Amino acid sequence: MQQNKKGSILLYVLFLSSFLILFFISFQWELENMMGWTKNSEENIRDISSIQDALILLKNTPTSVKTIESNKNLSFISLSQNNTLINESLNWDKSQEYWITSTGWSTSIALTMTSWWPISYHLAAFNSGSESSSTLISSGVVSTSTSIPLSPSLNTHILTIESLGGQVWYILDPSTSTIIPASTSYKLERDIQGYKVYEWIYDITHFIPKSRINFDYQKMGMYLKE
């Protein structure tokens, strides 16, 4: 009888020991998972904050590639700009507007048609804050390519491009000029050990077309189809 009692106690001790071991293993696993989740959450919060900061910078100064400073594995890639070249498409009933806020050393902008119908363009210039005194610098119809002259004395330009037929594709080469489109689409790309993973598309509005106060778009021959 005493022997059976000792055996029961031993079994109970073994059961309790096994339970405690399993409990601590499970607790440690849960703790490690929680710590990993917390770490990932903190990294995600930092990434979100860094992404928002980068989007603000891109809104004010669009560029072809913007790497996030706090996480070099994350980059915004423009879907329309490659280095200085801006590749655009335009539906037959639409116009594109660009603001040229600095000419650098450039005296002109190269405009090249890459597919389909001809386009018309109008370029006006004025000194910042003096939209009412704008001057039409250049206008014309392009079916292949042209060089659009910039004003050497006025510091702000507005360029509009309009399709004269169906959908068109063209390239703008601003050289050293700072040219800002109305909007830009960027894909967010993550570099995982050399493998590029697309995460999201962000559409950034830089300005609203036809929004320049005291600038007479109609007088400059712009947006006549809209």
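This one's a predicted model, so the numbers in the text were calculated from it and none came from an experiment.

A.B. asks: Give me the lowdown on the nonpolar core, citing residues and values where you can.
C.D. replies: Counting residues in hydrophobic clusters, the biggest one holds 19 residues, and the most contacted among them are Leu111, Leu159, Ile161, Tyr170 and Leu172. Residue assignment for this core shows that the elements contributing at least two residues are strand E4 (85-90), strand E5 (95-102), strand E6 (108-116), strand E7 (119-126), strand E10 (156-163) and strand E11 (168-173). The contact partners of leucine 159, leaving out residues within four places of it in the chain, are Gln96, Glu97, Tyr98, Ile100, Tyr121, His122, Leu123, Ile148 and Leu172. Of all hydrophobic cores here, the second largest spans 12 residues; its members include Ile158, Phe207, Tyr217 and Met222.

A.B. asks: Give a description of the pattern of salt bridges that names residues and reports values.
C.D. replies: Tallied over the full model, the rule gives 4 salt bridges. With its nearest N and O atoms 2.4 Å apart, the salt bridge here joins glutamate 199 to arginine 190.

A.B. asks: So what about the packing of aromatic side chains? Which residues, and what values?
C.D. replies: For any pair of aromatic rings, the description consists of the separation of the ring centres together with the inter-plane angle of the planes. According to the stated counting rule, one finds 6 aromatic pairs in the structure shown. Each ring, one from phenylalanine 76 and one from tyrosine 202, has its centre 5.4 Å from the other, and the planes form 80 degrees; the classification is edge-to-face. Placement of phenylalanine 76 in strand E2 (residues 74-78) and of tyrosine 202 in strand E14 (residues 195-205) is noted, with a sequence separation of 126 residues between them. The exposure class of tyrosine 202 is partly exposed, given its relative accessible area of 24%. Between tyrosine 217 and tyrosine 223, the aromatic rings sit 5.7 Å apart at their centres with planes inclined by 70 degrees, giving edge-to-face as the arrangement. The burial state of tyrosine 217 is the same as that of tyrosine 223; both residues are buried. These aromatic residues form a ring-pair network of at least three members: Phe126, Phe215, Tyr217 and Tyr223. Its end group placed over the ring of tyrosine 223, lysine 210 keeps NZ or CZ at 4.9 Å from the ring centre. Taking the ring centre of tryptophan 99 as reference, the NZ or CZ of arginine 212 above it sits at 4.1 Å.

Rules and cut-offs
Residues numbered from 1 in each chain as written. Predicted model: local features only at pLDDT ≥ 70, side-chain atom pairs only at ≥ 80, totals over all residues. Heavy atoms only, no water. Core = buried A, V, L, I, M, F, W, Y, C linked by side-chain atoms within 4.5 Å. Buried < 20%, exposed > 50% of the residue type's maximum accessible area, 1.4 Å probe, protein only. Helix = DSSP H or I, 4+ residues; strand = E, 2+ residues; numbered from the N terminus. Contact = heavy atoms within 4.5 Å. Salt bridge = Lys/Arg side-chain N within 4 Å of Asp/Glu carboxyl O. Phe/Tyr/Trp six-rings, centres within 6.5 Å; stacked < 30°, edge-to-face > 60°. Lys NZ or Arg CZ within 6 Å of the ring centre and 35° of its normal.

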